[in-house]
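Listed below, chain by chain, are the residues.
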Amino acid sequence: MNIYKDGGRVQDGVGLLTSILLRYSEVGSVHYWREQHALKFTFMITQHDELSSFQEILKPALELFHQLEGKSMRVFDIACRSEENVCVITVTRDVDSMTQREVGLIVELLKREYKQNLVYDEMNLPEDEQVFQEEMINHMLSSIQTHDIDKNVVALREEGRVLVFKN
């Protein structure tokens, strides 16, 4: 049994990242960035198009989403780096204004924009498991919104498994 001095917040962070990867197979990795109290999502696509078209869609969509929710984004960044024949897209968002529905919106917009070029593990979670993971994401996001995690945490997918690292 593990006992954490921080009351389980690191455990909530690990659970959050794991649930995001389980629910959204399109997310290659997710990183909790302690210094900015933000999440960095990475996605991979097999084309080297300009990222500007996705930026032109994503930022206004998230701004409208947050306007409807009555919140504002403190941290928003999108970047792309090419590695061999893959473009790695990183979307960074602050935890304070993020919701599970926003994560779903980001994934859906990315799927719509890049269709067949998105690299991801084919996972067929039953619908009830998808709903459960969404509820877990909401719960754990709420938990770490009120209590910072004192460590950076990274979760990534490798050969069908989710690996989590703390530092």
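Residues numbered from 1 in each chain as written. Predicted model: local features only at pLDDT ≥ 70, side-chain atom pairs only at ≥ 80, totals over all residues. Heavy atoms only, no water.

Peer 1: What is the right way to look at the overall build of the protein chain in this model?
Peer 2: Each helix and strand in the protein chain was counted, giving 4 helices and 7 strands. Reading the protein chain from its N end, one meets helices and strands in the order α-β-β-α-β-β-α-β-α-β-β. Taking 15 Å as the expected radius of gyration for a compact globule of 167 residues, we find that the protein chain reaches 16 Å, a close match to that expectation. Viewed in the frame of its principal axes, the protein chain has a C-alpha envelope of about 45 × 40 × 30 Å. Buried positions account for 41% of the 167 residues belonging to the protein chain. (Helix = DSSP H or I, 4+ residues; strand = E, 2+ residues; numbered from the N terminus. Rg over C-alpha atoms; globule rule 2.2 N^0.38 Å. Buried < 20%, exposed > 50% of the residue type's maximum accessible area, 1.4 Å probe, protein only.)

Peer 1: I'm lost on the state of the cysteines in this one. Help?
Peer 2: Two cysteines form a disulfide when their sulfur atoms are joined by a covalent bond. In total, this model carries 1 disulfide according to the counting rule given. Here C80 pairs with C87 through a disulfide, and the sulfurs are 1.8 Å apart. Judged by its relative accessible area of 35%, C80 is partly exposed. What makes C87 buried here is its relative accessible area of 2%. (Disulfide = S-S within 2.5 Å.)

Peer 1: Sorry if this is basic, but what is going on with the confidence of the model for the protein chain here?
Peer 2: One rule of thumb: low pLDDT means the predicted coordinates there are not for detailed reading. Confidence along the protein chain averages 86 in pLDDT terms, with 90% of residues attaining 70 or more. Contacts for the low-pLDDT stretch residues 1-8, under 50 throughout, to residues beyond four places or in other chains number 3 contacts. (pLDDT = per-residue confidence, 0-100. Contact = heavy atoms within 4.5 Å.)

Peer 1: Looking at this structure, how should I read helix 4 (residues 127-146)?
Peer 2: Given 3.6 residues per helical turn, the α-helix brings residues three or four places apart onto the same face. Taking 1.5 Å per residue, 20 residues should reach 28 Å; helix 4 reaches 29 Å between its end C-alpha atoms and fits that length. If you check which residues of helix 4 are buried, you get Q133, I137, M140, L141, S143 and I144. On an axial view of helix 4, the arc spanned by its buried residues comes to 160 degrees, and they lie on one face. Helix 4 presents E127, D128, H139 and T146 as exposed residues on the side facing more than 90 degrees away from its buried surface. (Expected span 1.5 Å × (residues − 1). Arc of directions from axis to C-beta.)

Peer 1: Is there a simple way to think about the nonpolar core in this case?
Peer 2: In summary, soluble globular proteins display a tendency toward joint burial of nonpolar side chains. Counting residues in hydrophobic clusters, the biggest one holds 36 residues, and the most contacted among them are I20, V27, V30, L39, F41, F43 and I89. For this core, the secondary-structure elements that each account for two or more residues are helix 1 (9-23), strand 1 (29-33), strand 2 (38-45), helix 2 (52-69), strand 4 (86-94), helix 3 (100-114), helix 4 and strand 6 (153-158). In terms of residue count, the dominant contributor to this core is helix 3 (6 residues). Among residues more than four places away in sequence, those in contact with L39 are L16, L17, I20, V30, H31, Y32, V91, T92, R93, V95, M98 and L141. (Core = buried A, V, L, I, M, F, W, Y, C linked by side-chain atoms within 4.5 Å.)

Peer 1: Quick question: what am I supposed to make of unusual backbone geometry here?
Peer 2: With glycine set apart, most residues show a phi of negative sign, and most peptide bonds adopt trans. The backbone of H37 sits at a positive phi, close to 45 degrees, despite the residue not being glycine. For H37, the position within the fold is in the loop between strand 1 and strand 2. On the basis of relative accessible area, H37 is assigned to the buried category, the value being 6%.

Peer 1: Looking at this model, I keep getting lost on the side chain of T99. Mind explaining?
Peer 2: With respect to the helices and strands, T99 occurs in the loop between strand 4 and helix 3. Apart from residues lying up to four places away in sequence, T99 is in contact with F65, K71 and L141.

Peer 1: Whenever I open this one, the layout of surface pockets confuses me. Can you help?
Peer 2: Here the idea is plain: a probe the size of a water molecule rolls over the atoms and shows the empty space left. As a volume, the largest pocket reaches approximately 270 Å³. The wall of the largest pocket is formed by 18 residues, among which R23, S25, E26, K111 and M123 lie closest to the centre. Among the elements that make up the lining of the largest pocket, the one with the highest residue count is helix 3 (4 residues). Looking at side-chain class alone, the lining of the largest pocket contains 7 nonpolar, 4 polar and 7 charged residues. (1 Å grid on protein atoms, 1.4 Å probe; cavity = no way out; pocket = protein on both sides within 12 Å on 5 of 7 lines; lining within 4 Å. Points joined across faces, edges and corners; volume = space filled by probe spheres on them. Nonpolar A, V, L, I, M, F, W, Y, C, P; charged D, E, K, R; others polar.)

Peer 1: Help me understand the pairing of strand 4 in this model?
Peer 2: On a regular strand, each side chain points to the face opposite its neighbour's, so the side chains alternate between the two faces of the sheet. Of all 9 residues in strand 4, 8 are buried, a share of seventy percent or more. One ladder, built from 8 bridges, connects strand 2 with strand 4; its direction is antiparallel. Pairing of I45 across the sheet is with C87, part of strand 4. In this sheet, strand 4 lies alongside strand 3 (residues 76-83) in antiparallel orientation, the contact comprising 8 bridges. In the strand pairing of strand 4, S82 is matched with C87. Counting the residues in the hairpin turn of strand 3 and strand 4 gives 2 residues, including E84, whose phi is positive at 55 degrees. (Pairing = 2+ DSSP bridges.)

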